[in-house]
Amino acid sequence: MFSYICTDIDHFLLGVLRRLLGTLRSGWTQLSEDPVRAVSSFAQHCLRPWFGAFHYLVSSLRSLILHSPPVVVDSEAQPVVQNLDVPASNQRSVDLSFPDIPTSRLEAPSIKWLLETSTDPEVFLAAATLVPRVEWPLDLDISDTLHQLYDIYTSCLDFQRQILPSLKEKASACMMALSHLYYGRVLQEYPSHGEFLVQGSADFEVLQKMRSECAVEDEQMVAAAVKLSSAGNGSFWWFYSYLQDRTDSVPEWLSHFLPYHFVTRRVDKEVEDLVIAVISKLLSPSSPSTQIIANCTLLACVMVGVQFEKKDIVRIDKCSALPQLAESLLVPFEKALWASDGGDLDRDGTGDGRRAWKLLGVICRILELAPRYAPSLQTMQNLDVCKKFYSRERPSEQDDSSVSLATLRNLLHFMFAAAKVSRDPARVWIEQFTLKDNLQSPDDFDCLVDSLDSVNSDDHETAGDILLLLCSMGVSCSPAKQYLFIERVIACMGSSMPHRLRHAALRAAHSAREVLASIDAIDDAKLREMVLTKFSPAVLTAVCPRPDATPADDGSDCFFDDDRDLRYLQLVFALARNSNWRSHLVGGGHIDRCISIIANCCEPYTSHAFYLAGIFLRIAPEQSSVTLLESITEQQWCDVMLNAWSCASDIIEGGDIHGVEFLPVLVEGTKKYMRIALQSDLAQLIWGVDRVLEELERGSEQREGAAIAVKELRIVASDKLEKLRQ
């Protein structure tokens, strides 16, 4: 009776498989021109509609006929360790909060059944090809599948254990599926070990023998499984050149499975190097897919010790977790980088520092592609890594400094990426580091100046990074480094330099304007001479490298830029306070430049006119400036004076003590040139003066002298307005 049941069932299954095979062949023929697309479309349009029915059928029939346990293991009946092995530090693993998908709703059980039972070559090949494309949950028992795949693989060999030419495709499919499932099996059983392929034989020996037998195009997957089977054996040395030429799915396959090495503690330096090679390869295109970015971010996380639950590691599609992965990466990476003690890896006991140092070349690309993460406030600690590295390596003193300079470049690049400070040349005037607790010191500044001196003359990007970081320091260099700092700033403002570097140098000069303004306090005669003769023309070149620029020009070196020219005017305003500078500013073309931008500076509610008024009124007493200032019309003088008051209160509120000092001078200039002002101009002037008085009254007694002068101006302006109204 049982034999009749089996015969009927065999006929029924045969009919179903024949109809399925007909569907497969039809779909396969239509898409044969593109095998990769064929597999994907085949899974979506051909197999998926049958999986639900097959899974139900197989679950019922195998329990009836074969009297064997069901292929899907009840997770409660046979518990599987779902969490990573927690180290002594009891660090909690990150839960990526993927929605739970019951195993019964996945395609893996049906593909598993096809692999174990199908005798049709085309069905087997199609099922094997789908193995890496579907979810293989941890509660799905694949031990029999691995044995079956290995048996099928050995059936493709001749007596000399060479793959039969006619069965090469089948053997290749077996190795691909076996390598993929072997990773899952190792993760399932970790921390336990076992002989998962052939009973009585070590997995390493079995896989190593398979590797020696397979074709070159299959070797990469088997080699990866070899490495997993024994972290101390096997070699990836050939992978690196191989990866550079690959355009297929192998690097992406590796990005999914390399985290398994870290989870199961089967990692050596070759695995770490392969991780870097894979990430570099996958993220080199301008717009990698979200899946690629998520895989690489998770891979970087496990490199620096971030732990994830096993159930999340095995997920094929990690796109939805990318924001959380990015958030999970930065802080552990920074801590690992600090632990490296500036690259002194001999002191690294955990290996995290070494791995962070290796990731340094790709971490910025990962962060640039990540959707969002909280910016780091640990810029000074990251800078401390630079200082330690630089003090130990001293790139300029080495025979071959290219490696050290590349590392320094990567460290600086990381500081920008971690702090979310853009390196876009268009944002050079906007971006600013947020330095925590004012921990920076002149030693930090000096170290960066030394680094600036060490970079190659053509490494404009790194030099620009250093200069922009110097702008945020809030301290000045020591007297011993002043000459070197100013010399390098002058060199970087040259007309042949790219605009980002010139503008970064101008920002650095702007941040040091108080030191430069106090030229008479500089004891070094050589430094004083360089500042007075070379610095002034260099500043003008940085602002306007093209003397023929017109107000209609736009672009990076446009005639006028709000942010650039505000810093420029603030710098010249500071220099003009010192009489030693004034003749150099006149002779260096700065007054001509200021006169040419009067119309641009007299826009309402901008600070430009305040500093422009300060420059003109302080330069006016100089005999050499008489002819130049005669070109300014009376209306232009009036516009500059009146507009200076519209933003004066904001400048005073910002704590500019030199702005307060200038107010009495501005009062006298305004009295002189407001005689042609209209009623509306005077009303606007009085409004601005009142705001300044309110701000001065909230200040210290040192502001009393300025307040008296400003009150006097208000009386004069009010009287004039009253007369005009009569």
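Residues numbered from 1 in each chain as written. Predicted model: local features only at pLDDT ≥ 70, side-chain atom pairs only at ≥ 80, totals over all residues. Heavy atoms only, no water.

A look at the overall build of the chain
Inference 1: The helix and strand tally for the chain stands at 34 helices and zero strands.
Inference 2: Split into buried and exposed, the 726 residues of the chain put 54% on the buried side.
Inference 3: Partitioning the contacts of the chain with sequence separation of at least 6, the portion at a separation of at least 24 is 77%.
Inference 4: Carbon and sulfur atoms provide 50% of the accessible area of the chain, an area that totals close to 32,700 Å². (Helix = DSSP H or I, 4+ residues; strand = E, 2+ residues; numbered from the N terminus. Buried < 20%, exposed > 50% of the residue type's maximum accessible area, 1.4 Å probe, protein only. Contact = heavy atoms within 4.5 Å. Areas by Shrake-Rupley, 256 points an atom, 1.4 Å probe, with all protein chains shown as cover.)

Quick notes on helix H12 (residues 290-303)
Inference 1: Over its 14 residues, H12 extends 20 Å from the first C-alpha to the last, a length consistent with the 20 Å expected when each residue adds 1.5 Å.
Inference 2: The element H12 is extensively covered by neighbouring structure, given that 13 of its 14 residues are classed as buried.
Inference 3: Two residues or fewer after H12 comes Gly305, characterised by a positive phi angle close to 95°. (Expected span 1.5 Å × (residues − 1).)

Some words on the nonpolar core
Inference 1: Membership of the largest hydrophobic core comes to 232 residues, with the highest contact counts inside it found for Phe535, Phe610 and Trp645.
Inference 2: Tallying contributions element by element places helix H6 (residues 168-189) first for this core, with 12 residues.
Inference 3: Discounting residues that sit within four places of it in the chain, Phe610 has contacts with Phe573, Ala644, Cys647, Ala648, Ile651, Gly659, Phe662, Leu663 and Leu666. (Core = buried A, V, L, I, M, F, W, Y, C linked by side-chain atoms within 4.5 Å.)

Re the pattern of salt bridges
Inference 1: All chains considered together, the criterion is met by 30 salt bridges.
Inference 2: Across the salt bridge formed by Glu270 and Lys227, the nearest N and O atoms sit 3.1 Å from each other. In this pair, Glu270 is assigned in helix H11 (residues 269-282) and Lys227 in helix H8 (residues 216-229), connecting sequence segments 43 residues apart.
Inference 3: Note that Arg577 is salt-bridged to Glu514, the shortest N-O span being 2.8 Å. Of this pair, Arg577 sits in the loop between helix H24 (562-576) and helix H25 (579-587) while Glu514 sits in helix H22 (residues 513-517), and the two are 63 residues apart along the sequence.
Inference 4: You can call Glu514 partly exposed: its relative accessible area is 33%. (Salt bridge = Lys/Arg side-chain N within 4 Å of Asp/Glu carboxyl O.)

What about the confidence of the model for the chain?
Inference 1: Mean pLDDT over the chain works out to 81, with 79% of the residues at or above the 70 mark.
Inference 2: Confidence drops under pLDDT 50 across residues 1-90; counting only partners more than four residues distant or on other chains, this segment forms 99 contacts. (pLDDT = per-residue confidence, 0-100.)

Side note on the packing of aromatic side chains
Inference 1: Inspection of the entire model under this criterion finds 19 aromatic pairs.
Inference 2: With a centroid separation of 5.7 Å and 75° between ring planes, the pair formed by Tyr183 and Tyr260 is classed as edge-to-face. Within this pair, whereas Tyr183 is found in helix H6, its partner Tyr260 is found in helix H10 (residues 250-263), the two being separated by 77 residues in sequence.
Inference 3: Look at Tyr260 and you get buried, because its relative accessible area is 3%.
Inference 4: A cation over an aromatic ring shows up here: Arg423 above the ring of Phe416, its NZ or CZ 6.0 Å from the ring centre. (Phe/Tyr/Trp six-rings, centres within 6.5 Å; stacked < 30°, edge-to-face > 60°. Lys NZ or Arg CZ within 6 Å of the ring centre and 35° of its normal.)

Concerning helix H33 (residues 679-697)
Inference 1: Between its terminal C-alpha atoms H33 stretches 27 Å, which fits the 27 Å expected from 19 residues at 1.5 Å a residue.
Inference 2: Buried residues of H33: Leu682, Leu685, Ile686, Gly688, Val689, Val692, Leu693, Glu695 and Leu696, and no others.

Comments concerning the packing of helix H4 (residues 121-130) against H6
Between two packed helices, both the angle of their axes relative to each other and the distance between the axes serve to describe the pair.
Inference 1: Their axes nearest at 8 Å, the elements H4 and H6 cross at an angle of 30°. Judged on the interaxial angle alone, H6 and H4 are roughly parallel. Two packed elements cross with a definite hand, and for H4 against H6 that hand is left-handed. Each of Phe124, Leu125, Ala128 and Thr129 in H4 lies in contact with H6, whose residues at this interface are Glu169, Lys170, Ala173, Cys174, Met176 and Ala177.
Inference 2: A class-by-class count of the residues in the contact of H4 with H6 yields seven nonpolar, one polar and two charged. (Axes fitted to C-alpha atoms, helices over the stretch in contact; angles between N-to-C directions. Parallel < 35°, antiparallel > 145°, perpendicular 65-115°, else oblique. Left-handed = near helix turned anticlockwise from the far one by under 90°. Nonpolar A, V, L, I, M, F, W, Y, C, P; charged D, E, K, R; others polar.)

Side note on the environment of Trp338
Inference 1: By the secondary structure assignment, Trp338 is in helix H14 (residues 322-339).
Inference 2: As a C-alpha pair, Trp338 and Asp384 span 46 residues in sequence and 8.3 Å in three-dimensional space.
Inference 3: Here Trp338 is in contact with Gln378, Gln381, Asn382 and Val385, once residues within four sequence places are set aside.

Some thoughts on unusual backbone geometry
As a rule of thumb, non-glycine residues mostly have phi less than zero, and peptide bonds are mostly trans rather than cis.
Inference 1: Between Tyr190 and the following residue, Pro191, the backbone shows a cis peptide bond with an omega angle of 10°.
Inference 2: One non-glycine residue, Arg161, lies in positive phi territory at about 55°.
Inference 3: Along the chain, Arg161 falls in the loop between helix H5 (143-154) and H6.
Inference 4: With relative accessibility at 30%, the residue Arg161 sits in the partly exposed group.
Inference 5: One non-glycine residue, Lys420, lies in the positive phi region at around 55°.
Inference 6: With respect to the secondary-structure elements, Lys420 resides in the loop between helix H17 (402-418) and helix H18 (442-454).

Remarks on the side chain of His590
Inference 1: When you line up the elements, His590 lands in helix H26 (residues 590-596).
Inference 2: A distance of 2.9 Å separates a polar atom in the side chain of His590 from the backbone oxygen of Ser536.
Inference 3: Of note is the side chain of His590, whose polar atom sits 2.8 Å from the side chain of Tyr568.
Inference 4: Setting aside residues no more than four positions away along its own chain, His590 makes contact with Ser536, Val539, Leu540, Tyr568, Val572 and Leu585. (Polar contact = N/O pair within 3.5 Å; in protein donor to acceptor, adjacent residues only side chain to side chain.)

Section: the packing of H18 against helix H19 (residues 460-471)
Inference 1: At a minimum axis separation of 10 Å, H18 and H19 run at an interaxial angle of 160°. Taken together, the axes of H18 and H19 lie roughly antiparallel to each other. Crossing of H18 over H19 shows left-handed handedness. Counting all contacts with H18, which are made through Phe445, Leu448, Ser451 and Leu452, the residues of H19 involved are Ala463, Ile466, Leu467, Leu469 and Leu470.
Inference 2: Across the contact of H18 with H19, the residue classes break down as eight nonpolar, one polar and no charged.

A word on the environment of Phe262
Inference 1: Among the structural elements, Phe262 can be located in helix H10.
Inference 2: Taking C-alpha positions, Phe262 is 8.6 Å from Gly305, a pair spaced 43 residues apart along the chain.

Some remarks on the side chain of His608
Inference 1: Of note, His608 is situated in helix H28 (residues 608-619).
Inference 2: Setting aside chain neighbours within four positions, we find His608 in contact with Phe560, Asp562, Asp565, Leu566, Leu569 and Cys601.

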